[in-house]
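Observations on chain architecture
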Amino acid sequence: MEDFIIEFAQNIVAKNILLSYIFFFVSQSLQVLFPPYPGDMILIIEGYLSEEANLNIYIVIANAVISTSLSSIFLYNIGRKKQEKILHSKIVTFLFGTSKITKLSKLFIKFGAIVIILSKFIPGIFSLTILSAGIFKVKKKFAYLSIIIISFFHNLTLILLGKLVRENWSMILRKIDVYNRYIILLVVTMFIIYLIMLQLKKKLLD
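The residue numbering used here restarts from 1 in each chain and proceeds along that chain's sequence as written. Per-residue local features of the predicted model are confined to residues with pLDDT of at least 70, and side-chain atom pairs are confined, for both listing and counting, to 80 or more; whole-chain, interface and lining totals are unaffected and use all residues. With hydrogens and water excluded, all non-hydrogen atoms of the structure serve as input to the side-chain values.

Turning our attention to the side chain of Ser71. With respect to the helices, strands and loops of the structure, Ser71 is situated in helix H4 (residues 57-82). Note on Ser71: relative accessible area 6%, which makes it buried. With residues near it in sequence (within four places) discarded, Ser71 still touches Ser29, Val32 and Leu33. Secondary structure is summarised from DSSP: a helix means a run of H or I of at least four residues, a strand means a run of E of at least two, and numbering begins at the N terminus for each. Whether a residue is buried, partly exposed or exposed follows from its accessible area with a 1.4 Å probe, protein chains only, as a fraction of its type maximum: under 20%, in between, or over 50%, in that order. Here, residues are in contact when the closest pair of their heavy atoms is within 4.5 Å.

And the structure:
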């Protein structure tokens, strides 16, 4: 799938600049609305192609930020409007798992909208976090602000990296893949330690 998307992106940029921006816009929307879609990879390619095809880097960045922000706000409002229906829907259960959404409620109560920003640094949970923010009614102004801030910095960073490394953009993808594995391992380890601590605390109290 990734090879097909890369080839498609390169072909469309070579043939039609306007369609390129539309494709990039749709790609970043899909990254939020359909998490398995490799949106980060497309962002890096956008940076690379902006250099190779002389695309306007400011339009490329603005296009990505607007697309990600609007899609995230849309997802947030779906969660806010549907709430319980979302928790029990087959699509959400398939993509995320209802239990994960329920666990996020405690984080929102404790840390608020900052959880949205932090979730971008943990692989695969950003869309889930946005949806959960809506379900648990995190204040709109703080949720929107967090979405825009992290969308700007995340998209800006990956696009500029792609522009900087050019033909070596695949190296960045490998680095991201390694980072994701370490983060997942760290989160799993911390969760196991947390469970062990709970059991020890329970035994001591008994």
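Let us look at the packing of aromatic side chains. Working definition: rings of Phe, Tyr and Trp (its six-membered ring) pair if their centres are within 6.5 Å, and the pair is stacked with planes under 30 degrees apart, edge-to-face with planes over 60 apart, and tilted otherwise. Applying the stated criterion across every chain, the model contains three aromatic pairs. Taking 5.8 Å as the distance between ring centres and 50 degrees as the angle between the ring planes, the aromatic pair formed by Phe23 and Phe24 counts as tilted. Overall, Phe24 belongs to the buried group, its relative accessible area being 1%. Seen from their ring centres, Phe152 and Phe153 are 5.3 Å apart, and the 80 degrees between their planes marks the pair as edge-to-face. Above the ring of Phe126, the side-chain terminus of Lys120 is found at 4.0 Å from the ring centroid. Put simply, a charge is over a ring when the Lys NZ or the Arg CZ is close to the ring centre, within 6 Å, and near the line of the ring normal, within 35 degrees.

Each axis is a line fitted through C-alpha atoms, and for a helix only the stretch in contact is used; angles between axes span 0 to 180 degrees, taken between their N-to-C directions. Close contact between helix H2 (residues 17-33) and helix H3 (residues 39-52) brings their axes to 9 Å; oriented N to C, the two are set at 155 degrees. Relative to H3, the element H2 is oriented roughly antiparallel. Considering how the two elements wind past one another, H2 and H3 form a crossing that is left-handed. On H3, the residues that touch Phe24, Ser27, Gln28 and Gln31 of H2 are Gly39, Asp40, Ile42, Leu43, Glu46 and Leu49. Under the scheme applied here, ten amino acids are nonpolar (Ala, Val, Leu, Ile, Met, Phe, Trp, Tyr, Cys and Pro), four are charged (Asp, Glu, Lys and Arg), and all others, including Gly, are polar. A breakdown of the residues in the contact of H2 with H3 according to their chemical character gives four nonpolar, four polar and two charged. By the definition adopted for this analysis, an angle is roughly parallel if under 35 degrees, roughly antiparallel if over 145, roughly perpendicular if from 65 to 115, and oblique otherwise. Definitions for this section: a left-handed crossing has its near helix turned counterclockwise from the far helix by less than a right angle. A right-handed crossing has that turn clockwise.

Turning our eyes to something else, we now look at the nonpolar core. A general trend in soluble globular proteins is that nonpolar side chains are found buried together. For our purposes a nonpolar core is just a set of buried Ala, Val, Leu, Ile, Met, Phe, Trp, Tyr and Cys residues, chained together by side-chain atoms within 4.5 Å. Formed by 21 residues in total, the largest nonpolar core has its most connected members in Val13, Phe24, Leu49, Leu55 and Ile159. At the level of secondary structure, the elements contributing two or more residues to this core comprise helix H1 (2-15), H2, H3, H4 and helix H10 (140-165). In contact with Val13, not counting residues within four places along its chain, are Ser20, Phe24, Leu49, Ala53 and Leu55. Within the second largest apolar cluster, 18 residues are counted, among which are Ile116, Phe126, Ala133 and Ile135.

Okay, the environment of Tyr37 next. Tracing the chain through its elements places Tyr37 in the loop between H2 and H3. With ten residues separating them along the chain, Tyr37 and Ser27 place their C-alpha atoms 8.0 Å apart.

Further remarks concern the confidence of the model for the protein chain. Any residue range with low pLDDT should be treated as having predicted coordinates unsuitable for detailed reading. This prediction gives the protein chain a mean pLDDT of 77; 67% of its residues lie at or above 70. Confidence scores per residue from the predictor, reported as pLDDT, run from 0 to 100. H4 holds the highest mean pLDDT among the elements of the protein chain, 90, whereas helix H11 (residues 169-205) holds the lowest, 62.

Helix span, as expected, comes to 1.5 Å for every residue beyond the first. Along its 26 residues, H4 runs 38 Å from first to last C-alpha, staying within 8% of the 38 Å computed at 1.5 Å per residue. Whenever two N or O atoms come within 3.5 Å, that pair is a polar contact, provided that in protein one can donate a hydrogen and the other can accept it, and provided that, for residues adjacent in sequence, both atoms are side-chain atoms. You can read the cap of H4 off the contacts: a side-chain oxygen lies 2.9 Å from the backbone nitrogen of Tyr58, and it is on Asn56.

Backbone geometry places Lys137, a non-glycine residue, at a positive phi of 55 degrees. By the element assignment, Lys137 lies in the loop between helix H9 (126-135) and H10.

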